[in-house]
Amino acid sequence: ENIYQQANKYWNGTGVEKNEVEAVRLYRQAADQGHAASQSMVGFAYDLGRGGIAKNDAEALRWYRLSANQRYAHGQYLLGTMYQNGQAVTKDLAEARRWFQLSANQGNENGKKALERLETASAAPAPEAPSAESLFQQANDVWNGTGVPKNEAEAVRLYRRAADQGHAPSQALLGLAYDLGRGIGQSYAEALKWYRR
């Protein structure tokens, strides 16, 4: 605990000159003695690549897990973020939720907020995919620069999305883009394919 307090002073520059390298050295010393808060800070240093060590997600995960398994609330929250973001592990929102919940149960504010964000995100309905007709209208505006900056490559991308939904006018204009080599590399074979469709 004393080593951890000393490390915090160096990490934050409280009463001493800020020195993250020295802070991480002390955190690691305390972490090696099984100090959970220090383990989470060593993980944090690896997570961000600070304190003179290179960013290393696998090492961050290892230290967060050691801390979380000792029921350290902030370590549980940090481990949850690894699962939420798929950092060094397969993305797993159920596992992220479990760690956020354990952290929140101990009153950790970060854990509570992360849990709320996760719940809100899962409750929100998936946005509806735009219709082929609306994609076609957007593509026309972008192609001609009507009310938006002209961008033929973006227009071609939108025409293709509508064309893939079987929208005949978009298929024709995608063919034309290939025919003229505008917004995409010229290809008479591709032009012919889209004109045929």
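The structure presented is a predicted model; accordingly, all values stated were derived computationally and were not measured. (Residues numbered from 1 in each chain as written. Predicted model: local features only at pLDDT ≥ 70, side-chain atom pairs only at ≥ 80, totals over all residues. Heavy atoms only, no water.)

**Description of helix α8 (residues 132-144)**
For α8, which comprises 13 residues, the first-to-last C-alpha distance of 18 Å matches the rise-based estimate of 18 Å (1.5 Å per residue) to within 8%. If you check which residues of α8 are buried, you get A132, L135, F136, A139, N140, V142 and W143. Contacts made by the buried residues of α8 are with α9 (152-163) and α10 (168-180). Looking one or two residues beyond α8, the residue adopting positive phi is G145, at roughly 70°. (Helix = DSSP H or I, 4+ residues; strand = E, 2+ residues; numbered from the N terminus. Expected span 1.5 Å × (residues − 1). Buried < 20%, exposed > 50% of the residue type's maximum accessible area, 1.4 Å probe, protein only. Contact = heavy atoms within 4.5 Å.)

**Brief notes about a nonpolar patch on the surface**
A surface patch of nonpolar side chains, amounting to about 250 Å² of accessible area, comprises L176, L180 and Y195. Take Y195: it is sitting in helix α11 (residues 188-196). (Patch = residues over 30% accessible without salt bridge, like charges linked within 9 Å, V, L, I, M, F, W, Y side chains within 5 Å. Areas by Shrake-Rupley, 256 points an atom, 1.4 Å probe, with all protein chains shown as cover. Salt bridge = Lys/Arg side-chain N within 4 Å of Asp/Glu carboxyl O.)

**A few points about the environment of A155**
Position of A155 among the secondary structure elements: in helix α9. The class for A155 is buried, based on a relative accessible area of 0%. Expressed as a C-alpha distance, the spacing of A155 and R117, which sit 38 residues apart in the sequence, is 34 Å. Discounting chain neighbours no more than four positions away, the residues touching A155 are A139, V142 and W143.

**With respect to the pattern of salt bridges**
Under the defined criterion, the tally for this structure stands at 13 salt bridges. Across the pair E109 and K112 runs a salt bridge, and its minimum N-O distance is 3.4 Å. Taken together, the positions of E109 and K112, both in helix α7 (residues 109-123) and three residues apart, correspond to about one turn of that helix. Judged by its relative accessible area of 46%, E109 is partly exposed. For K112, a relative accessible area of 32% corresponds to the partly exposed category. The residue E190 makes a salt bridge to K193 at a minimum N-O spacing of 3.4 Å.

**Structural notes on the side chain of Q39**
Along the chain, Q39 falls in helix α3 (residues 36-48). Relative accessible area serves as the criterion here: at 5%, Q39 is assigned to the buried category. One polar contact links Q39 to Q70, side chain to side chain, over a distance of 2.8 Å. Sequence-distant contacts of Q39, that is, excluding residues within four places in its chain, are made with A31, G34, W63, L66, S67 and Q70. (Polar contact = N/O pair within 3.5 Å; in protein donor to acceptor, adjacent residues only side chain to side chain.)

**Structural notes on the side chain of E152**
Mapped onto the elements of the fold, E152 is located in helix α9. For E152, a relative accessible area of 18% translates into the label buried. The residues contacting E152, other than those within four sequence positions of it, are W143, R182 and G183.

**Focus: the packing of aromatic side chains**
Aromatic rings considered in pairs are described by the distance between their centres and by the relative angle of their planes. For the structure shown, the criterion picks out six aromatic pairs. Summarising the aromatic geometry, the rings of F136 and Y159 are spaced 6.1 Å apart at their centres and angled 50° between planes, so their arrangement reads as tilted. With F136 in helix α8 and Y159 in helix α9, the pair connects residues that are 23 residues apart, well separated along the chain. A relative accessible area of 12% places F136 in the buried class. Taken together, the ring pairs connect Y4, W11, Y27 and F44 into an aromatic cluster. (Phe/Tyr/Trp six-rings, centres within 6.5 Å; stacked < 30°, edge-to-face > 60°.)

**A closer look at the confidence of the model for the protein**
A residue-level look at the protein finds 98% of positions with pLDDT of 70 or above and a mean pLDDT of 93. Averaged pLDDT values for the elements of the protein fall to 88 in α7 and rise to 97 in helix α2 (residues 20-32). (pLDDT = per-residue confidence, 0-100.)

**Considering the nonpolar core**
Membership of the largest hydrophobic core comes to 32 residues, with the highest contact counts inside it found for Y27, L79 and F100. Listing elements by their share of this core, those giving two or more residues are α1 (2-12), α2, α3, α4 (57-68), α5 (73-85), α6 (93-105) and α7. V156, Y159, A163 and A177 belong to the second-largest nonpolar core, a separate cluster that totals 17 residues. (Core = buried A, V, L, I, M, F, W, Y, C linked by side-chain atoms within 4.5 Å.)

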